[in-house]
Amino acid sequence: MGNNYNWLSPVPKQSLSKMVVNKIKDAIIRGDLKPGDFLPAESELAESLGVGKSSVREAVKMLEAIGVVEIIKGNGSKIKDSISEDILNPLVFQLILQNNESQSKLLEFREMIETSASVLAIKNATNEDIERLVQNVQEMTESVSVGKPNVNLDLDFHRKLFESTHNPFVVCVGNAVMELYKPSLNIANSEYALEVINDHKATLEALIERDEDKMRRVIKEYLHKWSQSTLSDNLNKKKIFEK
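An account of the accompanying structure is given in this report. (Residues numbered from 1 in each chain as written. Predicted model: local features only at pLDDT ≥ 70, side-chain atom pairs only at ≥ 80, totals over all residues. Heavy atoms only, no water.)

Attention now moves to the nonpolar core. A general trend in soluble globular proteins is that nonpolar side chains are found buried together. Residues Tyr181 and Leu207 are the most contacted members of the largest nonpolar core, which totals 40 residues. Sorting the residues of this core by element identifies helix 4 (90–99), helix 5 (103–124), helix 6 (127–145), helix 7 (151–163), helix 8 (168–179), helix 9 (182–191), helix 10 (193–208) and helix 11 (212–227) as the ones contributing at least two each. Ranked by size, the runner-up nonpolar core spans 16 residues in total, among them Ile24, Ala27, Ala46 and Val56. (Core = buried A, V, L, I, M, F, W, Y, C linked by side-chain atoms within 4.5 Å. Buried < 20%, exposed > 50% of the residue type's maximum accessible area, 1.4 Å probe, protein only. Helix = DSSP H or I, 4+ residues; strand = E, 2+ residues; numbered from the N terminus.)

Turning our eyes to something else, we now look at the pattern of salt bridges. A side chain of one charge can pair with a side chain of the opposite charge if their charged atoms are brought near each other. Under the defined criterion, the tally for this structure stands at 14 salt bridges. Measuring nitrogen to oxygen at the nearest pair gives 2.6 Å for the salt bridge that ties aspartate 129 to arginine 132. Residue aspartate 129 and its partner arginine 132 are both found in helix 6; the two are separated by 3 residues, about one turn of the helix. Judged by relative accessible area, which is 40%, arginine 132 ranks as partly exposed. Taking the shortest distance from any N to any O, the salt bridge between glutamate 179 and lysine 182 comes out at 3.5 Å. Residue classification places lysine 182 among the partly exposed residues on the basis of a relative accessible area of 34%. One connected set of salt bridges, linked through shared partners, spans Arg159, Glu179 and Lys182. (Salt bridge = Lys/Arg side-chain N within 4 Å of Asp/Glu carboxyl O.)

At a minimum axis distance of 10 Å, the contact between helix 6 and helix 10 shows a crossing angle of 160 degrees. On the basis of the axis angle, helix 6 is roughly antiparallel to helix 10. Crossing of helix 6 against helix 10: the hand is left-handed. Of the residues in helix 10, those touching helix 6 at Ile130, Leu133, Val134, Val137, Met140, Thr141 and Val144 are Ala193, Leu194, Val196, Ile197, His200, Lys201, Leu204, Leu207 and Ile208. Residues belonging to the contact of helix 6 with helix 10 are distributed by class as follows: 13 nonpolar, 2 polar and 1 charged. (Axes fitted to C-alpha atoms, helices over the stretch in contact; angles between N-to-C directions. Parallel < 35°, antiparallel > 145°, perpendicular 65-115°, else oblique. Left-handed = near helix turned anticlockwise from the far one by under 90°. Contact = heavy atoms within 4.5 Å. Nonpolar A, V, L, I, M, F, W, Y, C, P; charged D, E, K, R; others polar.)

Looking now at the layout of surface pockets. The calculated volume of the second largest pocket comes to roughly 210 Å³. Lining the second largest pocket are 15 residues, with Glu42, Val60, Ile71, Gly76 and Ser77 sitting closest to its centre. Where the lining of the second largest pocket is concerned, the elements lending two or more residues are helix 2 (42–49), helix 3 (53–65) and strand 2 (76–79). Here the lining of the second largest pocket takes 4 residues from helix 3, the largest share from any one element. Considered class by class, the residues forming the lining of the second largest pocket number 9 nonpolar, 3 polar and 3 charged. (1 Å grid on protein atoms, 1.4 Å probe; cavity = no way out; pocket = protein on both sides within 12 Å on 5 of 7 lines; lining within 4 Å. Points joined across faces, edges and corners; volume = space filled by probe spheres on them.)

This next bit is on the packing of aromatic side chains. For the structure shown, the criterion picks out 0 aromatic pairs. Sitting over the face of the ring of tyrosine 181, arginine 110 holds its NZ or CZ atom 4.5 Å from the ring centroid. (Phe/Tyr/Trp six-rings, centres within 6.5 Å; stacked < 30°, edge-to-face > 60°. Lys NZ or Arg CZ within 6 Å of the ring centre and 35° of its normal.)

Once that is clear, we can look at the packing of helix 2 against helix 3. Closest axis-to-axis distance for the helix 2/helix 3 pair is 8 Å, and the angle between their directions is 115 degrees. The orientation of helix 2 relative to helix 3 falls into the category roughly perpendicular. For helix 2 against helix 3, the interelement crossing comes out right-handed. Across from Glu42, Ser43, Leu45 and Ala46 in helix 2, the residues of helix 3 making contact are Lys53, Val56 and Arg57.

The pairing of strand 1 (residues 69–72) with strand 2 spans 4 bridges and is classified as antiparallel. Within the sheet, the bridge partner assigned to isoleucine 72 lies in strand 2 and is glycine 76. Hairpin connection between strand 1 and strand 2: a loop of 3 residues separates the two successive antiparallel strands, and glycine 74 in this loop has a positive phi of roughly 85 degrees. (Pairing = 2+ DSSP bridges.)

Inspection of the secondary structure assignment puts glycine 174 in helix 8. Each C-alpha atom, one on glycine 174 and one on glutamate 114, is 7.1 Å from the other, the two residues being 60 residues apart in sequence. Not counting the four nearest positions on each side in its chain, glycine 174 is found in contact with Ile113 and Phe162.

The end-to-end C-alpha distance of helix 10 is 22 Å, a good match for the 22 Å that 16 residues give at a rise of 1.5 Å each. Ala193, Val196, Ile197, Asp199, His200, Thr203, Leu204, Ala206 and Leu207 are the residues of helix 10 that are buried. In this fold, the buried residues of helix 10 make contact with helix 5, helix 6, helix 7, helix 9 and helix 11. Following helix 10 by one or two positions, arginine 210 adopts a phi angle in the positive range, close to 55 degrees. (Expected span 1.5 Å × (residues − 1).)

As structure tokens, then:
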């Protein structure tokens, strides 16, 4: 358990569980609480922060839902060492709400993230990372050849590319952005599967050649190409086809 409790001080009465969450968040940012540390007991948190136990309990549940805290029966609540891939990512919901504002802004953001991530992957990708991407493209090609395109393989290609940066911030943001493209990924893979595979092959080729300029061109070209196509009215006029 961390021994620095300087972050424990009363919160405004009107704040309740949200302010408890913010107190804990700020303590983690400052390093007063570290991954692997146990939070103080519920009663101690409630007394120190000047809130009821129910507010503390709700705050801890909120942190558990987003994967920050792990509740260990009989031992209390522990700050997790890492965020599991299958945990809820609040960033996805923020992007979904912003997505209603402008599809062009979303595409602009995706191009920025995906280009930067792909160039970083050129610098950081290991041979094992490249092998995983090669295997992914092979599996996509095989599934399309038997008439069974697989959208999950498409998503997995992007995830593996983000992972090849070996930067957890890029992985988190990149995967959140791709979540918004699931509807168009389904359409693209069912109607334009060969185009999707060719784009992935071009991306992989640039990565293998460690050619940053080529990678930037590939990303820009396929995002521009797919931005010209929109889903039919009965699906969603605002959605853009995946790369």
